[in-house]
Number of protein chains: 2
Amino acid sequence: MISSSVTRPAQPPKTSAPGTLAIVPFVSVDNMMRLVLAIGVERFLVELAGYIEEDFKRWPLFDKTPRVASHSLEGVIELMPTSDGSLYGFKYVNGHPKNTRDGRQTVTAFGVLSDVGSGYPMLLSEMTILTALRTAATSAVAAKYLAPQDACCMALIGNGAQSEFQALAFRALLGTDKLRLYDIDLAASQRCAANLAGLGFDITICGSVQEAVEGAQIITTVTADKQYATILTDNMVGSGVHINAVGGDCPGKTELHRDILLRSGIFVEYTPQTRIEGEIQQLDADHPVTELWQVIADQAPGRTSAQQITLFDSVGFATEDFSALRYIRDQLAATGLYSELDLIADPDEPRDLFGMLLRMQGNIAAH
Amino acid sequence: MISSSVTRPAQPPKTSAPGTLAIVPFVSVDNMMRLVLAIGVERFLVELAGYIEEDFKRWPLFDKTPRVASHSLEGVIELMPTSDGSLYGFKYVNGHPKNTRDGRQTVTAFGVLSDVGSGYPMLLSEMTILTALRTAATSAVAAKYLAPQDACCMALIGNGAQSEFQALAFRALLGTDKLRLYDIDLAASQRCAANLAGLGFDITICGSVQEAVEGAQIITTVTADKQYATILTDNMVGSGVHINAVGGDCPGKTELHRDILLRSGIFVEYTPQTRIEGEIQQLDADHPVTELWQVIADQAPGRTSAQQITLFDSVGFATEDFSALRYIRDQLAATGLYSELDLIADPDEPRDLFGMLLRMQGNIAAH
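For clarity, every value in this text was computed on a predicted model and none was experimentally measured. (Residues numbered from 1 in each chain as written. Chains lettered and ligands numbered in written order. Predicted model: local features only at pLDDT ≥ 70, side-chain atom pairs only at ≥ 80, totals over all residues. Heavy atoms only, no water.)

Caption draft 1: The arrangement of the environment of S118 of chain A in detail. With respect to the element layout, S118 of chain A can be found in the loop between β6 (107-115) and β7 (121-126). Other than its neighbours up to four places away in sequence, S118 of chain A contacts N94, H96, N99 and R104 of chain B. Within the structure, the side chain of S118 of chain A is placed 3.0 Å from the side chain of D115 of chain A, a separation counted as a polar contact. Reaching out from S118 of chain A, the side chain makes a polar contact with the backbone nitrogen of Y120 of chain A at a distance of 3.1 Å. (Helix = DSSP H or I, 4+ residues; strand = E, 2+ residues; numbered from the N terminus. Contact = heavy atoms within 4.5 Å. Polar contact = N/O pair within 3.5 Å; in protein donor to acceptor, adjacent residues only side chain to side chain.)

Caption draft 2: Region of interest: the domain arrangement of chain A. All names here are of chain A. What the domain assignment reports for chain A is domain 1 (20-129 + 320-354) and domain 2 (146-316). One C-alpha centre belongs to domain 1, the other to domain 2, and the line joining them spans 26 Å. Counting residues at the interface gives 16 residues for domain 1, matched by 18 residues for domain 2. Here domain 1 meets domain 2 over a buried area of about 1,700 Å², counting both sides, of which 69% is carbon and sulfur. Viewed at the interface, domain 2 and domain 1 are joined by two salt bridges. The shortest N-O distance in the salt bridge between R67 and E277 comes to 2.8 Å. (Domains from an automatic or database assignment. Buried area = accessible area lost by both parts, 1.4 Å probe. Salt bridge = Lys/Arg side-chain N within 4 Å of Asp/Glu carboxyl O.)

Caption draft 3: Representation of the relation of the copies chain B and chain A. Screw-axis analysis of chain B against chain A gives a translation of 0.0 Å along the axis, an RMSD of 0.0 Å, and a rotation angle of 180 degrees. What the rotation and shift describe, once combined, is the action of a two-fold rotation axis. Comparing contact sets, 100% of the residues at the interface of chain B also lie at the interface in chain A, consistent with an isologous, same-surface contact. (Least-squares fit on C-alpha atoms with pLDDT ≥ 70 in both.)

Caption draft 4: Looking closely at the packing of helix α2 (residues 41-57) of chain B against helix α10 (residues 318-335) of chain B. All names here are of chain B. Running from N to C, α2 and α10 cross one another at 125 degrees; their axes reach a closest spacing of 9 Å. In terms of orientation, α2 and α10 fall into the oblique class. Pair α2 / α10 crosses with right-handed handedness. Between α2 and α10, the contacting residues are F44, E47, L48, Y51, I52, E54, D55 and F56 on the first element and T319, E320, F322, S323, A324, R326, Y327, I328, D330 and Q331 on the second. (Axes fitted to C-alpha atoms, helices over the stretch in contact; angles between N-to-C directions. Parallel < 35°, antiparallel > 145°, perpendicular 65-115°, else oblique. Left-handed = near helix turned anticlockwise from the far one by under 90°.)

Caption draft 5: Summary view of the sheet that holds strand β15 (residues 264-268) of chain B. All names here are of chain B. Strands sit in the order β10-β9-β8-β11-β13-β17-β15-β16 across an open sheet of eight strands; the sheet is parallel. If you trace the sheet from one side to the other, it starts and ends with β10 (202-205) and β16 (290-291), each paired once. One ladder, built from five bridges, connects strand β8 (residues 153-157) with strand β9 (residues 178-182); its direction is parallel. Each bridged residue has a counterpart across the sheet, and for I157 the counterpart in β9 is Y182. Strands β8, β9, β11 (218-221) and β13 (242-245) of the sheet are contacted by helix α4 (residues 163-174), whose axis makes an angle of about 165 degrees with β8. The sheet strands contacting helix α5 (residues 186-196) are β9 and β10, and the helix crosses β10 at an angle near 170 degrees. (Pairing = 2+ DSSP bridges.)

Laid out in structure tokens, this is it:
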């Protein structure tokens, strides 16, 4: 038996300042806005689309998990993790349709990128703005592969928070500079048009969906109602158009009439998730769909004829958030637009967490 | 058709400073240490144990999900969400046994508490230190219900980062002031004893597990090896003791010989998770166990005789992290030990995210 006549060993003076291993770069909302403006919204969208496309190309590498949802009467809180084996990312996102009553956002989000080798977070970032950008960039990537050649006119149905980003992403990637706006709330269309004024778009505000889709090669639906709605009916959709269906993104929420789906070549992000959340929740569980990554990686055909209606049934997937976090991380060093967060305990001796507390106590007492 | 001769409407000057809805309190590692020291470690553990006990009592209310794990060769990254219908919490935690080679922690963690009604985060907190505290507090809560009356002596096998917290929690809740320490690394026992020196414990450093358990009514195993190990063999465990098995907490990692389990009344947190991660991974999938909450809520017996060996097969569960986050949140107003994080985009008009960008551009240009 060893006696317990132990005295506290003499220790070199240690500060309680966090070491570099313990520091996590943090991109606040303010810094995200500065970052987007410093890079320029359109360049940001183009570069982000490049990251998203790159990750779609190596899709089989990713650890794909359905999102982990916690539902309540008021809405849903979700965690969306994924990993490529070298980096790990997850996004926290909520969806609360009634939030706007209290001046809150319907959807807010933040995310973390981590090093798989150590498990240490490398980046914490706001993702409310970033999600809007990645959603638009993903839509434009899909359209690059699916829309008819030389599409120059897009109908934009639903002119809320996502609309300007969609318009800018499509023009940046596809050159679509004619916009036909429609929203049940005319003020929303007017605000969208005002926000985009002076940016070189040819904008028409329309009085109906029917009017908005006239002459459009691309139809983007991005309405916010959390219910089965029929924003587009079958007769509105002519041959050869590309439909970018963004707003039908959770169980019970769709925007397109079922007959349109039956006439379309359907492209999805991650089939198991889209069957539950996307427009195709209206179809049989074995209705054929193509995953977008297959088209991008040249493993499946995209548009097969000028007459085909193509439909990108977008619900948003974890890899897109991963790509977005990866893109943000790569901008930090050059822009310095982040702060440092003391998020990880970093004792001088990893097994001595309690000793770290004692040393801080000593430091506080000494001052 | 409405013409697009839209000009940007005059807007009242708006700042880009985040509104109060957008601000999330953040408890850094530094502030967590200050908070623990300001409250006092033992009082902190007692109060935290109260929150944990309270949440175990209302266990059926909770939305219980198995943790979402992303495994790699080097370790694991996990998300642990739960909700009581009014608050939502999740913890990010990694486990990387080889991290100490690079001066990193094996386990680091942070967590978020949110309002279910709006989905908005209410607290972001470091949880490396907090997890150590909640693990110890949970062990002590279990022992309060399961350990023999008047237990005064605890064998503490494994004297790493968790050991001092276990010692303090057990004394605070049960009055266990005699400690018998053992670690394969003598220096670890010496450091543990040194860290606890002057705090009123009667400490004996022992040369073997066999020696450490002599006369102890409570045996706590909290070793770090990530493998099947037999820290305790059957002959070491006399009748009537309470075993607090903390270190066997993931698939492939156990500390107790199977024969001990067969002689014990076994208590777990959440059965589906413990079957995979706990000591009982060594037993048949239908071996009877009791969930701790049932004992606390008076729905199942705890210890049934003075001779019974009771075993708390602890792996850690999301509700304990939830309780810990709830406790921290309740300390913020009185202590002020937090900073404010600009984590959530808060446009003056929730549907106008792009307009928020434009206004910031205007503000930057004006300066």
